[in-house]
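# Observations on chain architecture
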Amino acid sequence: MKPIARGKWRLAAGMAYFRWKRYVQWTFGQTRFAHEKRSELLRYVHYSHQTILLRPLQNVEMWMQHNKVINLRLAIARLGGLIIHPGETFSYWKQIGKPTRSKGYVEGMLLSQGRVTAGVGGGLCQLSNLLYWMTLHTPLTVTERHRHSYDVFPDSNRTQPFGSGATCFYNYLDLQIANRTTQPFQLHVYLTDTHLVGEWRSDMPLTRTYVIIEKEHEIHPSIWGGYERKNELYRDVYTLEGKWVEQEWLTQNRAYLMYEPLLPEG
């Protein structure tokens with residue numbers, strides 16, 4: 001998975017092509033996308049999770065994190081209360097739309113080719129990461145998810161397995177979630193003073209619980225220099241009484257490390 005360096009014009013042409021392709025899929029494809037929103041919350045919480053808003057990161061100025069909160073507030077206003085009926089699919093970017101200055105989005109932290117930079121709408125990957133992780137704990141089906149190709153920050157205080165997020169970039173790096181069950185699901189997301197909080201809710205109580213398992217985790221040198229990291233994610237399915245039902249394969253992750261994984265001697 002040697003990183004490929006592409007020129008500015010090659011990148012611009014590629015972005016234009018894949019964005020056009022996505023618009024065609026949204027307009028003429030057979031997928032039925034979710035669009036209904038309700039202010040009244042469905043009764044049962046199937047899974048909830050929260051992530052801290054302001055987290056000091058190496059070589060990342062805090063103004064980017066504060067601007068990220070502004071961008072998250074605008075994005076979750078487009079998502080809150082969304083109902084995914086049976087047979088419908090949730091599209092992250094179709095629902096949020098393109099983050100632009102005219103909509104109030106500001107420059108926040110973006111990761112480009114493994115480097116930290118600033119861009120309008122930066123920081124929305126925290127939201128897609130949250131949604132992906134929550135969805136893995138429900139009977140909803142992730143039909144499109146893009147892994148992070150670079151592992152930028154060391155595992156300081158990591159509480160989830162490596163590769164348990166979903167990167168996003170308007171509009172062709174999308175997160176899509178299909179409801180193949182017989183009950184509706186509702187997305188509830190909001191901000192507190194310190195955290196981004198999300199819930200998947202439904203009008204029927206949950207019947208299964210899920211535990212995410214990491215396997216085949218390793219870090220090894222690359223033949224062209226640097227290090228690669230990879231793993232596989234599975235989930236164990238349990239009844240509410242705690243009886244194991246089955247183990248499902250979820251995904252494989254591979255990423256190029258942007259930091260030195262070995263501690264100095266002494």
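One can find the structure itself at the top, above this paragraph.
My aim in this report is to walk through the structure given alongside it, one point at a time. Keep in mind the model is a prediction, meaning the values are calculated, not measured. (Residues numbered from 1 in each chain as written. Predicted model: local features only at pLDDT ≥ 70, side-chain atom pairs only at ≥ 80, totals over all residues. Heavy atoms only, no water.)

## Overview of the sheet that holds strand S2 (residues 82-84)
Defined as follows: Should DSSP find at least two bridges between two strands, the strands are taken to pair. Helix and strand definitions here come from DSSP, where helices need a minimum of 4 consecutive H or I residues and strands a minimum of 2 consecutive E residues; each element is numbered from the N-terminal end. Each axis is a line fitted through C-alpha atoms, and for a helix only the stretch in contact is used; angles between axes span 0 to 180 degrees, taken between their N-to-C directions. Contacts are assigned to residue pairs with any non-hydrogen atoms lying within 4.5 Å of each other.
Taken in spatial order, the four strands of this open sheet run S1-S10-S9-S2, and their pairing is antiparallel. Each end of this open sheet is capped by a strand with a single partner; those strands are strand S1 (44-52) and S2. The mean inter-strand angle of the sheet, taken between neighbouring strand axes irrespective of direction, is 20 degrees. Sitting on the sheet, helix H2 (residues 62-79) touches S1, S2, strand S9 (185-191) and strand S10 (195-202), and the angle it makes with S9 is about 155 degrees.

## Looking at the pairing of strand S11 (residues 208-221)
Looking down a regular strand, the side chains alternate between one sheet face and the other. Inspection of the sheet shows S11 paired to strand S12 (residues 227-239) by twelve bridges, in the antiparallel sense. Residue pairing for S12: arginine 208 is matched across the bridge by threonine 239. Hairpin geometry of S11 and S12 is characterised by an intervening segment of five residues between the two adjacent antiparallel strands and by a positive phi of about 105 degrees at glycine 225.

## A word on the environment of glutamine 186
Selection rule: In the analysis that follows, any N or O atom pair within 3.5 Å is treated as a polar contact, provided that within protein one partner can donate a hydrogen and the other can accept it, and provided that, for residues neighboring in sequence, both atoms belong to side chains.
Counting through the fold element by element, glutamine 186 comes out in strand S9. When residues no more than four places from it in sequence are discounted, the contact partners of glutamine 186 are Arg38, Glu40, Leu41, Leu42, Gly81, Leu82, Ile83, Glu199, Trp200 and Arg201. In terms of polar contacts, glutamine 186 uses its side chain to reach the backbone carbonyl oxygen of glutamate 40, at 3.2 Å.

## Details of the sheet that holds strand S6 (residues 141-144)
Reading across from one edge, S3-S8-S6 is the order of the three strands in this open sheet, with antiparallel pairing throughout. Both outer strands of the open sheet, strand S3 (89-91) and S6, are each paired with one neighbouring strand and no more. The sheet shows a mean angle of 25 degrees between the axes of neighbouring strands, direction not considered. Bridge count for S3 against strand S8 (residues 176-178) is three bridges, and the pairing is antiparallel. From the neighbouring strand, threonine 89 faces S8, where its bridge partner is alanine 178.

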